Amino acid sequence: MEPVKRGIKYLLYHRWKTLLIFCIYSVLFSILLIMVVMNLSSGRFIEDTQKAIGNAVYIRKVRDEGYGRRNNLGIFSDAEIEMLTQDKDVDFYNVLVRQYGNVVDGEVYIKEKERYKKKQELHPDIFEDSDNCTFIGVSNSRYAPFFAGAGFRLKEGTGITEEDEGEPVALVSETLAALNGWKVGDTVKLGTTKCLGMLKSIEFDVRIKGIYGAPKESFVNQTGYYTPDELQENYIFLPWDTPYKLDPVSYQPVMAFVYLKSSDAIPGFIGRMKEEFGEESPDLTQSGWMDKYEYSWDEEWNELVSGPMREIHNVADAAMWIVLAGVVLSVFLISLSELQGRKKEMGIWLACGERRSKIMGQILTERMVPILAALIIAVSAGFATAGAVSAGVVGNSSAQINRQLKQDRENVDFWEYIYSMEEELRQGYYDFYNLENTVDTYGSRYEILFAAAGWYLALAVVLGFQTCVFLNKRPAVLLGREE
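Residues numbered from 1 in each chain as written. Predicted model: local features only at pLDDT ≥ 70, side-chain atom pairs only at ≥ 80, totals over all residues. Heavy atoms only, no water.

A few points about the overall build of the protein chain
As a reminder of what qualifies: Runs of H or I in DSSP of at least four residues are treated as helices and runs of E of at least two as strands, each being numbered from the N terminus. The buried label goes to any residue with under 20% of its type's maximum accessible area, the exposed label to any with over 50%, and the partly exposed label to all in between, with areas taken from a 1.4 Å probe on protein chains only. Here a residue-residue contact requires only that any non-hydrogen atoms of the pair lie within 4.5 Å. Areas reported as accessible are Shrake-Rupley estimates using a 1.4 Å probe. Residue values count occlusion only from the protein chains shown.
Scanning the protein chain from N- to C-terminus turns up 14 helices and eleven strands. Taking all 483 residues of the protein chain together, the buried fraction comes to 47%. Within the protein chain, contacts between residues separated by at least 24 positions form 83% of all contacts whose residues are at least 6 apart in sequence. Split by element, the accessible area of the protein chain, about 24200 Å² in all, is 56% carbon and sulfur.

Concerning the packing of aromatic side chains
Two aromatic rings, taken as a pair, are described by how far apart their centres are and by the angle between their planes. For clarity, the cut-off: Aromatic rings from Phe, Tyr and Trp, with only the six-membered ring used for Trp, were paired whenever their centres fell within 6.5 Å, and each pair was classed as stacked if the ring planes differed by under 30 degrees, edge-to-face if by over 60, and tilted otherwise.
If you walk through the whole model with that rule in mind, you get 17 aromatic pairs. Seen from their ring centres, Phe92 and Tyr143 are 5.0 Å apart, and the 40 degrees between their planes marks the pair as tilted. Placement of Phe92 in strand β2 (residues 90–103) and of Tyr143 in the loop between β3 (133–138) and β4 (153–157) is noted, with a sequence separation of 51 residues between them. Ring centres of Phe147 and Phe152 lie 5.9 Å apart, and the angle between their planes is 75 degrees; this geometry places the pair in the edge-to-face category. Take Phe147 and Phe152: they sit in the same class, and that class is buried.

Looking at the environment of Ile31
Counting through the fold element by element, Ile31 comes out in helix α2 (residues 15–54). With 292 residues separating them along the chain, Ile31 and Val323 place their C-alpha atoms 7.9 Å apart.

Here we look at the packing of helix α1 (residues 2–13) against α2
Spelled out, the test is: For helices, the fitted line uses only the C-alpha atoms of the stretch in contact; every axis is such a line through C-alpha atoms, and the angle between N-to-C directions lies from 0 to 180 degrees. Relative orientations are named as follows: roughly parallel for angles under 35 degrees, roughly antiparallel for angles over 145 degrees, roughly perpendicular for angles from 65 to 115 degrees, and oblique for any other angle. Classes in brief: Ala, Val, Leu, Ile, Met, Phe, Trp, Tyr, Cys and Pro nonpolar; Asp, Glu, Lys and Arg charged; the others, Gly included, polar.
The N-to-C vectors of α1 and α2 enclose an angle of 90 degrees; their axes lie 5 Å apart at closest approach. With respect to α2, the element α1 is oriented roughly perpendicular. Contacts between α1 and α2 involve Tyr10, Leu11, Leu12 and Tyr13 from the first element and Arg15, Lys17 and Thr18 from the second. Along the lines of polarity and charge, the residues of the contact of α1 with α2 split into four nonpolar, one polar and two charged.

Focus on the nonpolar core
We count it as follows: The set of buried Ala, Val, Leu, Ile, Met, Phe, Trp, Tyr and Cys residues whose side-chain atoms join them within 4.5 Å is what this entry labels a nonpolar core.
Of all hydrophobic cores here, the largest spans 40 residues; its most connected members are Val57, Leu84, Leu190, Ile236, Val258 and Phe269. For Val57, the residues in contact, after removing those within four places along its chain, are Ala256, Phe257, Val258, Leu260, Ile266, Phe269, Ile270, Tyr295, Ser296 and Trp297.

Any functional reading would require information beyond the geometric quantities listed.
Structure below.
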């Protein structure tokens, strides 16, 4: 510990020089952290958009009879779902189920209380048998059109993944959680749809896995609705097979998304599915009807959206490595300059019989303490400015895509008076992915901290080698004398 104590005393004695070096390192490391955040933001943007849309194929079974009506989609069998989701090129998938349900032990959010109360008074029997929320079954909430695609964002806990299939878990809105005092980890009782009194609701318990925030403007908002079951604050997300196993008639899987490992695999995947399934199959619920398989994907996505952002990512990546090399070189030269200025001091220590290991321990303490303090400041500054940096990198692209989607929605709303994301999905439009203007770099905090620790160790090795080479000189050489 003696070398460390001597090193600390040296830093305190030369505090103004130490402070200057600390400030220089803080600026250098902060610039480097900003480049890392830019790299992570552009990379995460590419990952999200590419996985959600660029590599995605939306599969529907369209009934020949009743084409164009709301219930024109056929049901996927368990064997078909397994075939679609277990293909060699599939990275992950989303089987979607959407139908009304009920919160049994708890209140639901009511937007227009007076209007809703008057309707209850006029039709008490109908409202007694009405459902009060909507169940949305997903396989992967992070990329599900009804969740992330609609602009919902996880605030607490974790999302639903394929590993949650068969598990009694759920995601609830922050509005619903605040209304009932629910927290992540709490168990709540839900019930399947009553279908206006035509079905008996099946009650079941789920554990709250996550709490999400819903945007004011979302693609799932439907113009003209105000009842609790239609409000996005009362959406409850579940693994798709949870309601399906309880009531397979009401909670039918009619939408399947597969997200392939690369967009190049899309033609081969569709070709294999057509070979396995054929062009059509008998409808599972109506004899005499046939269901035609339809595959939707966006062939222009890579060129129009992912391509430009990939160029930004490549530039940010190259700039990050250049800055990293510059930072390491700067630290090396500053340290070398310090050592050169202390030649005589080191020579005297060695001439007096001081062990080189002790001197090296002291010098490394003097070098690494300001570096550690500067890294802590830089990482803190990096997290503090991550949102602004991320917005500068991806904000323009995100805003442009979201504006286009909003315009599409308004066009539909103008001509059809009621906008429904489910209706759009049923018609085959699948590129719903509401992008944030910033990327959650806090989600990459462990990557950043691991990188900072790696830099620190790498600098310790570099400066240790430099010091070792410096101290291997004879004392006479360090003192400027010839033997």
